[in-house]
Amino acid sequence: MTTVYENECAAAELDKNEVARIAKGLSRYAKQAQKLGIKVFGGSGTEDLRFNDNSGLSQLIVAELEGKFDGGDGSHSQDSDGLQIFRMSGKIRLLGVLYAGRSCQL
């Protein structure tokens, strides 16, 4: 299930419906890729689709993607205002949006 954080979207001045549309689309495509044995990978300047060739030594790069995907560890927590955040090099990046303390389950 995709979750859009309404308060975080408001804090980032993003339209929660547009964020939801993007999140749903990416989730749908990631699930389709997974069914084919493909992993969506991003980070270190490369964004691609990888297929495990079962050799134990490599993954086949079956496509390169346009756009940027962060391949970090994905850890996040709440800040003092209760917003979901990802801390990176001392900077705070908002992950989503919360509105009136609620998250929206999609």
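**Q** I would appreciate a short explanation of the overall build of the protein in the present structure.
**A** Helix and strand counts for the protein stand at two helices and eight strands. Within the protein, contacts between residues at least 6 apart in sequence are counted, and of these 44% link residues at least 24 apart.

**Q** Mind showing me how you'd approach the pattern of salt bridges here?
**A** Opposite charge on two side chains permits pairing when their charged atoms draw close. Throughout the structure, instances matching the rule amount to three salt bridges. Note that Glu 6 and Lys 16 form a salt bridge whose closest N and O atoms lie 3.9 Å from each other. One end of the pair, Glu 6, is in helix 1 (residues 6-11); the other, Lys 16, is in helix 2 (residues 16-35), and 10 residues separate them in sequence. Taking the relative accessible area as the measure of exposure, Glu 6 reaches 5% and is therefore buried. The residue Asp 48 makes a salt bridge to Arg 50 at a minimum N-O spacing of 2.7 Å.

**Q** How should I be thinking about helix 2 in this particular structure?
**A** Look at helix 2: 28 Å from first C-alpha to last across 20 residues, which is about the 28 Å you get at 1.5 Å a residue. Inspection of helix 2 places Ala 20, Gly 25 and Ala 33 among the buried residues, and these make up the whole buried set. Here the buried face of helix 2 lies against strand 1 (3-5) and strand 2 (38-43). Positive phi appears at Gly 37, one or two residues downstream of helix 2, with a value of about 85°.

**Q** Just to check I follow, could you spell out the sheet that holds strand 4 (residues 59-64) for this structure?
**A** With respect to topology, three strands assemble into an open sheet ordered 2-3-4, the strand pairing being antiparallel. In the strand order of this sheet, the two ends are held by strand 2 and strand 4, each with one partner. When strand polarity is set aside, the average angle formed by the axes of neighbouring strands in this sheet is 35°. Where strand 2 lies against strand 3 (residues 46-52), six bridges are found, and the strand directions are antiparallel. Counted as the bridge partner of Ile 38 is Phe 51 from strand 3.

**Q** In this structure, what is going on with a nonpolar patch on the surface? I would like to understand it.
**A** On the surface, Phe 51, Leu 60 and Val 62 cluster together to form a nonpolar patch covering roughly 250 Å² of accessible area. With respect to the secondary-structure elements, Val 62 resides in strand 4. A residue is classified by how much of its surface remains accessible, and Val 62, at 46% relative accessible area, is partly exposed.

Procedures and definitions
- Residues numbered from 1 in each chain as written.
- Predicted model: local features only at pLDDT ≥ 70, side-chain atom pairs only at ≥ 80, totals over all residues.
- Heavy atoms only, no water.
- Helix = DSSP H or I, 4+ residues; strand = E, 2+ residues; numbered from the N terminus.
- Contact = heavy atoms within 4.5 Å.
- Salt bridge = Lys/Arg side-chain N within 4 Å of Asp/Glu carboxyl O.
- Buried < 20%, exposed > 50% of the residue type's maximum accessible area, 1.4 Å probe, protein only.
- Expected span 1.5 Å × (residues − 1).
- Pairing = 2+ DSSP bridges.
- Axes fitted to C-alpha atoms, helices over the stretch in contact; angles between N-to-C directions.
- Patch = residues over 30% accessible without salt bridge, like charges linked within 9 Å, V, L, I, M, F, W, Y side chains within 5 Å.
- Areas by Shrake-Rupley, 256 points an atom, 1.4 Å probe, with all protein chains shown as cover.

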